[in-house]
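Residue-level listing of the chains:
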Amino acid sequence: MHSANSWLDRFCARHQNLAIPNLMLYIVIGNIAVYLMDMFSRSSFSAMLTFSPYYIFHHFQLWRLISFIFVPSSSNLLVVAIALYFYYFIGSALEREWGSAKFTVFYGLGVLLNILVGIVLSLVYGTYQYSVGVDMYYLNMSLFFAFATLYPDLSFLLFFIIPLKAKWLAWFDAAIFAWGILSSLFLQYWPGVILPLAAILNYFIFFWNDFSARFERIRYRTSRQTLNFKRAAREAKQNKGYLHKCAVCGITDADDPNMEFRYCSKCNGYYCYCMNHINNHVHIQ
């Protein structure tokens, strides 16, 4: 399912100056740099970069509004290496599909939602209580939702052996989101509830047109008129030996299997016409 043309596509097309080519590459390089600096500073370097409303509001450390993007979500080298490779692969694929401007807006909007969540929580519960907790984990994970929507049947080799389609892995990704939300609700850890919801909101903003179009197609296919048409077509083929018959010349698909037939939307009823008469007939009212 490819993203349908929408106001968002038009906005990105008109504001190409917002594009940051190879954005995911820069984010991955930044994560690697911070991880290496943490190795030599016992994690004190990343502590200066995390999103902290207390230090932002009271010490004017405004760089924290952006620098938290480059803080790795784990201290385990293997986990970080796999995650960064995964993020780079997915992010690069999305940028190729969407273009740099749209991907930059997608990621930038996700970052902005994270910042808003952190500020709102700090104002409601106090900057000390929620000084840390906003990170990029769920936004980076939500990249796979977008990827699986665009390439649902692309296969990955789990453990380099087991082929799994992207749409199946997306359900596993959704289970991780659900588990994070439910466990955070149980612990009353509100950043763990709101951050994944913000990432999902960002995803739906970009794919709302696609889901709306798919819903309309499903609604049309299951409508009474469509079902009646399908039933009438089956009955016609069983009783008469053919499925389509031109209302003008009377030729059927049994007479000429290579002939194409169309139904006229301007005629009042299910009137079929061969290709010779679909554009050359009097509309029946």
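Treat the numbers as computed from the prediction; the structure is a model and nothing was measured. (Residues numbered from 1 in each chain as written. Predicted model: local features only at pLDDT ≥ 70, side-chain atom pairs only at ≥ 80, totals over all residues. Heavy atoms only, no water.)

Asks: Outline the overall build of the protein, listing residues and values.
Replies: Tallying secondary structure elements over the protein gives 11 helices and four strands in all. Taken across its 285 residues, the protein has 38% of its residues classed as buried. Residue pairs at least 24 apart in sequence account for 60% of intrachain contacts in the protein once pairs closer than 6 positions are excluded. (Helix = DSSP H or I, 4+ residues; strand = E, 2+ residues; numbered from the N terminus. Buried < 20%, exposed > 50% of the residue type's maximum accessible area, 1.4 Å probe, protein only. Contact = heavy atoms within 4.5 Å.)

Asks: Break down the pattern of salt bridges for me, citing the residues and quoting the values.
Replies: Applying the stated criterion to the full structure yields four salt bridges. Ionic pairing is found between lysine 102 and aspartate 9, a salt bridge with its closest N-O pair at 2.7 Å. Placement of lysine 102 in helix α7 (residues 100–125) and of aspartate 9 in helix α1 (residues 7–14) is noted, with a sequence separation of 93 residues between them. Both residues of the pair, lysine 102 and aspartate 9, belong to the buried class. (Salt bridge = Lys/Arg side-chain N within 4 Å of Asp/Glu carboxyl O.)

Asks: Describe the packing of helix α2 (residues 23–41) against α7, and please don't skip the residues or the numbers.
Replies: When two helices pack together, their arrangement is given by the angle between the helix axes and by the axis-to-axis distance. Relative to each other, α2 and α7 sit at 45°, their axes nearing to 10 Å. Looking at the two axes, α2 sits oblique to α7. Residues Leu23, Met24 and Ile27 of α2 form the contact with α7, whose own contacting residues are Phe103, Thr104 and Tyr107. Its residues assigned to classes, the contact of α2 with α7 shows five nonpolar, one polar and no charged. (Axes fitted to C-alpha atoms, helices over the stretch in contact; angles between N-to-C directions. Parallel < 35°, antiparallel > 145°, perpendicular 65-115°, else oblique. Nonpolar A, V, L, I, M, F, W, Y, C, P; charged D, E, K, R; others polar.)

Asks: I'd like to hear about helix α6 (residues 77–98), residue by residue, with values.
Replies: The end-to-end C-alpha distance of α6, which contains 22 residues, comes to 31 Å, matching closely the 32 Å that a straight helix rising 1.5 Å per residue would cover. The opening residue of α6 is asparagine 76, an N-cap whose side-chain oxygen sits 3.0 Å from the backbone nitrogen of leucine 78. Backbone geometry just downstream of α6 places glycine 99 in the positive-phi region, at approximately 100°. (Expected span 1.5 Å × (residues − 1). Polar contact = N/O pair within 3.5 Å; in protein donor to acceptor, adjacent residues only side chain to side chain.)

Asks: Can you explain the packing of α1 against α7? Please cite residues and give values.
Replies: It is the contact of α1 with α7, at a shortest axis distance of 8 Å, that shows an interaxial angle of 115°. Put simply, α1 runs roughly perpendicular to α7. Considering how the two elements wind past one another, α1 and α7 form a crossing that is right-handed. Judged by residue contacts, Asp9, Phe11 and Cys12 of α1 engage Ala101, Lys102 and Val105 from α7. (Left-handed = near helix turned anticlockwise from the far one by under 90°.)

Asks: Quick one: what's the story with the packing of aromatic side chains, residue by residue and with numbers?
Replies: Here the distance between the centres and the angle between the planes together describe a pair of aromatic rings. One pass over the full model with this rule turns up 18 aromatic pairs. Measuring from centroid to centroid gives 6.2 Å for phenylalanine 103 and tyrosine 107, while their planes differ by 40°, and the two rings are tilted. Of the two residues, phenylalanine 103 and tyrosine 107 both sit in helix α7, four residues apart, roughly one turn of that helix. Tyrosine 107 matches phenylalanine 103 in its accessibility class, with the two residues each being buried. Consider the rings of tyrosine 138 and phenylalanine 177, whose centres lie 5.1 Å apart with planes at 70°: the pair is edge-to-face. Residue tyrosine 138 is located in helix α8 (residues 137–150), and its partner phenylalanine 177 is located in helix α9 (residues 166–187); the two are separated by 39 residues in the primary sequence. Note on accessibility: tyrosine 138 and phenylalanine 177 belong to one class, buried. Following the ring pairs from residue to residue traces out a cluster consisting of Trp98, Phe106, Tyr137, Tyr138, Phe145, Phe177, Tyr203, Phe204, Phe206 and Phe207. (Phe/Tyr/Trp six-rings, centres within 6.5 Å; stacked < 30°, edge-to-face > 60°.)

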